[in-house]
There are 2 protein chains.
Amino acid sequence: MDTPATLLNSAVLPVTYADVAAAAARLHGVANLTPVVTSRTVDQQTGARVFFKCENFQRTGSFKFRGAYNALAQLSPEQRQQGVLTYSSGNHAQAIALAGQILGIRTTVIMPQDAPAVKQLATKGYGAEVVLYDRQEMTREALAQQLAVEHGGVVIPPYNDARVIAGQGTAAKELLETVGDLDYLLVCCGGGGLLSGCAIAAHALSPRCQVIGVEPATADDATRSFQTKTLQTVHNPNTIADGARTPSLGSLTFPLVLHYVQGMLAVSDEAIVRSLHFLWERMKLVVEPTGALAATALLEGLLDCQGARVGVLITGGNVDLQQVGSWFQSG
Amino acid sequence: MDTPATLLNSAVLPVTYADVAAAAARLHGVANLTPVVTSRTVDQQTGARVFFKCENFQRTGSFKFRGAYNALAQLSPEQRQQGVLTYSSGNHAQAIALAGQILGIRTTVIMPQDAPAVKQLATKGYGAEVVLYDRQEMTREALAQQLAVEHGGVVIPPYNDARVIAGQGTAAKELLETVGDLDYLLVCCGGGGLLSGCAIAAHALSPRCQVIGVEPATADDATRSFQTKTLQTVHNPNTIADGARTPSLGSLTFPLVLHYVQGMLAVSDEAIVRSLHFLWERMKLVVEPTGALAATALLEGLLDCQGARVGVLITGGNVDLQQVGSWFQSG
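Residues numbered from 1 in each chain as written. Chains lettered and ligands numbered in written order. Predicted model: local features only at pLDDT ≥ 70, side-chain atom pairs only at ≥ 80, totals over all residues. Heavy atoms only, no water.

Colleague: What exactly am I supposed to notice about the domain arrangement of chain A here?
Modeller: Interfaces are frequently sized by the accessible area removed from exposure as the parts join. All names here are of chain A. Considered domain by domain, chain A is made up of domain 1 (4–61 + 165–330) and domain 2 (65–155). One C-alpha centre belongs to domain 1, the other to domain 2; they are set 24 Å apart. Listed as interface residues are 22 residues of domain 1 and, on the opposing side, 15 residues of domain 2. Summing both partners gives a buried area of about 1,500 Å² for domain 1 against domain 2, and 52% of it is carried by carbon and sulfur. At the surface where domain 1 touches domain 2, the tally comes to 3 salt bridges. The closest approach of N and O atoms between E55 and R66, which form a salt bridge, is 2.6 Å. Our enumeration of links across domain 1 and domain 2 arrives at 8 residue pairs in polar contact (both at pLDDT 80 or more). (Domains from an automatic or database assignment. Contact = heavy atoms within 4.5 Å. Buried area = accessible area lost by both parts, 1.4 Å probe. Salt bridge = Lys/Arg side-chain N within 4 Å of Asp/Glu carboxyl O. Polar contact = N/O pair within 3.5 Å; in protein donor to acceptor, adjacent residues only side chain to side chain.)

Colleague: Please explain the packing of helix 5 (residues 91–103) of chain A against helix 6 (residues 117–125) of chain A as it appears in this structure.
Modeller: Any two packed helices are characterised by the angle at which their axes cross and by the distance between the axes. Residue and element names in this part refer to chain A. In contact at an axis separation of 8 Å, helix 5 and helix 6 are set at 15° when each is read in the N-to-C sense. Here helix 6 runs roughly parallel to helix 5, going by the angle between their axes. You can see that helix 5 and helix 6 cross each other, and the crossing is left-handed. Facing A93, Q94, A97 and Q101 of helix 5, the residues of helix 6 in contact are A122, T123 and G125. Considering only residue class, the contact of helix 5 with helix 6 consists of 3 nonpolar, 4 polar and no charged. (Axes fitted to C-alpha atoms, helices over the stretch in contact; angles between N-to-C directions. Helix = DSSP H or I, 4+ residues; strand = E, 2+ residues; numbered from the N terminus. Parallel < 35°, antiparallel > 145°, perpendicular 65-115°, else oblique. Left-handed = near helix turned anticlockwise from the far one by under 90°. Nonpolar A, V, L, I, M, F, W, Y, C, P; charged D, E, K, R; others polar.)

Colleague: Teacher, can you tell me more about the relation of the copies chain B and chain A here?
Modeller: For the pair chain B and chain A, the superposition axis carries a translation of 0.0 Å, the fit reaches an RMSD of 0.0 Å, and the rotation angle comes to 180°. On this basis, the relationship between the two copies can be described by a two-fold rotation axis. When C-alpha positions in chain B are compared against the rotation axis, the closest is assigned to G325 of chain B, at 2.0 Å. The overlap is high: 100% of the interface residues of chain B also sit at the interface in chain A, so the same surface is used on both sides. (Least-squares fit on C-alpha atoms with pLDDT ≥ 70 in both.)

Colleague: Explain helix 5 (residues 91–103) of chain B to me, please; I cannot follow it from the model alone.
Modeller: Helical geometry note: an α-helix holds 3.6 residues per turn, so side chains three or four residues apart project in the same direction. Residues and elements named next belong to chain B. With 13 residues, helix 5 should cover 18 Å at 1.5 Å per step; its first-to-last C-alpha distance of 18 Å lies within 8% of that length. Counting buried positions over the 13 residues of helix 5 gives 10, a clear majority of the element. Among the residues of helix 5, N91, H92, A93, Q94, A95, I96, A97, L98, A99 and G100 are the ones counted as buried. Packing partners of the buried residues in helix 5 comprise helix 3 (64–72), strand 3 (84–87), strand 4 (107–112) and helix 6 (117–125). (Expected span 1.5 Å × (residues − 1). Buried < 20%, exposed > 50% of the residue type's maximum accessible area, 1.4 Å probe, protein only.)

Below you can see the structure in the form of C-alpha cells.
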C-alpha cells in the first residue's frame, strides 16, 4: 500500500522551506545567481509571460551544484575527513567533485565503465577520483555501499537526500525572488530532487503557483506514480534526455512530489529535439536534452497558459558538441 | 595620400559621443539590454577580470539591430514613405527588416543568389522583400543605387553610415555603464561600424580604456590600414568569420578607427574554432564565428592583460546548426 502523502501534514515531510532558505544562505556567493531570460517570440507563441531560469549557466553547467554543495557544506569535521562517495555518470558527478574541491573534501565518483570519456575527464578535472564498474556485474548503489564500508566515506546520493533536495529548491527560490509571483512553474523530473525542492519553494513563496513536472514519454514513471499514487518504476528507458533515465522517484522525493506538485506531463524525444533547436537557434542558449524538458512542454503547447506568468527551469547545458550535428541533421 | 585622421580635431569627425547617447535614447525599450557574462575559468586563465557583453542575445541575434533601428528611426515621414533599401547577406539584413517592421517602413534587402536559404528566410520572416542578384554581373552597391533611382527608397549601408555607427556604439555604452571603467575593450572588426562606434563610447565614458579591434588573419585589411594609415583592401577573403569578409573600412569608419582605436589584432580560423568551442561548451553561449573574434584574441593570449579589467564584445549568434557538427568534428 502506498503512503497517502497528500494527506500527510507537511510537518512530517522530509524537507521544509526553512531547509531551502538555509541552503540558499550556504550557497550565497558560492553558486552563480543565474540569469532569467525572456523571449518576445515565446511570449507571442504562448500568449503567456515566460521566464526561463538558466541553470545551464550554473557552476559545472547544471543546477546539480546547488544540491551537492549544500550537502557537503553540512558535513561534520569527521565526515569531511572521511571524504565523500557518490554514483553518477552525469551532472551530479561534476557537482560533487567541484563542491569537494571548494570545501577541501576528498571525493570519489562511481561511474559505469561505458560512461563517456568526456564526462570522466570533466569529473577528474574537478579533482574527484573516478571508480569504474561493470553494469552487468553489480549496481552502483551496492558498489557505493561496499566502498563506504571498506574505505569509509559518506555517500551523497544524486536526488534522494534531504540536503540535496533543499539545495535544488534554491533555483526556484531565486527565480521567484527575481520575477515575483508565477501562475505555473515547469520543472523537469528524473529522480525528483529538483522538482520536489522547487515545489517546496514555490509553495512557500508563491502559494497559488501550480508546479508541473515534465518527463520524457519513454521514462514516464513519475507521471504514472503521480497518477496512481503508487511508486512506479522504469527500466533503462531509451531517451535522449539522459538525466531523466532514473528508475523511479525516491523514498523522500515521492511523498514530496505527491504533496507539493500539481501535475505531471510527458514529452517525446522528437519534441525535445524541436525545442532544443529553438533554444539553441533562436535563444542562443546551449541546453542539454534533459535541460530542455520543461521548455519542451511549454513550446509544444501541452499547457494552456494564455495570459499566465510561467516559470521554466532550463536545468543544464553539458553536451558533447560532436553529437550536436546529429541532433539537428534534419533541422 | 591618406587623410591624417589622427591629427584631425574630433569635432570634424563624422560621429560624436552625443550621437551615441542620442541613439541610446532611441533604442531604449526597443533593443534588448543584453546581459554581461563573466567566467571564473576565463579570469583564472587570463589573470584579468573579463566582462563579456552578449549581443548574441540582441533582437535578431546580433548587435546590428542597434545601428539599423537608429538609422530608420531618424528618417523623415517622406523617407519612411519611400521605404528603405539595403544590401547584406547577413545580420544587417535581418536587423533592417525587423527595424522596418517595428517602425512600419517597407524594406528591401539585396542578397547574392547564393546566400544561404536560411538567411533569406529569416529576412523575409521579419517582413523584408528580398531581391537576389548575380555576384558575377554586378556589385550590390550598384544594384542598390539602381533600385533606389528606379523605385525610390533610402539606402542604409551596413557600416559606412553615421547613424549606423552611432547605434552600434550603444553596445559599448551599455557595457561600460553596467561594469564601470575598463582597461581594455576588444571588438571585432569587419567594416568598422561597431569598432568605431564602441571606441567613441569608450573614449567618452572610460577615457583610459584601450580599444582593440580584432579581425580574421586572412581578412586583415583594417589591421594593415591601421598600421600604414592608408586604406588597404582585401578581395573575397576566405574565413569562417563571414561577417568580417568586408573589402575594407569605409570613408567614415577609417578616420574614426584611426582617431579612437589604440590597436588591431588578427586571429586565425583555427583559433576562432577553438574559442567557439570554449564559448559553446564551457560558457553555454551560442556564438557565431564573427561574434567570437574578440573573445578569440583574449583566449589565445594575444593581449597581456594580467590584472586588467577587460571588456569583450560577443557580437552575434546566428548560425546554421547543421554546420556546427563540422566545426567541432575534431573537438
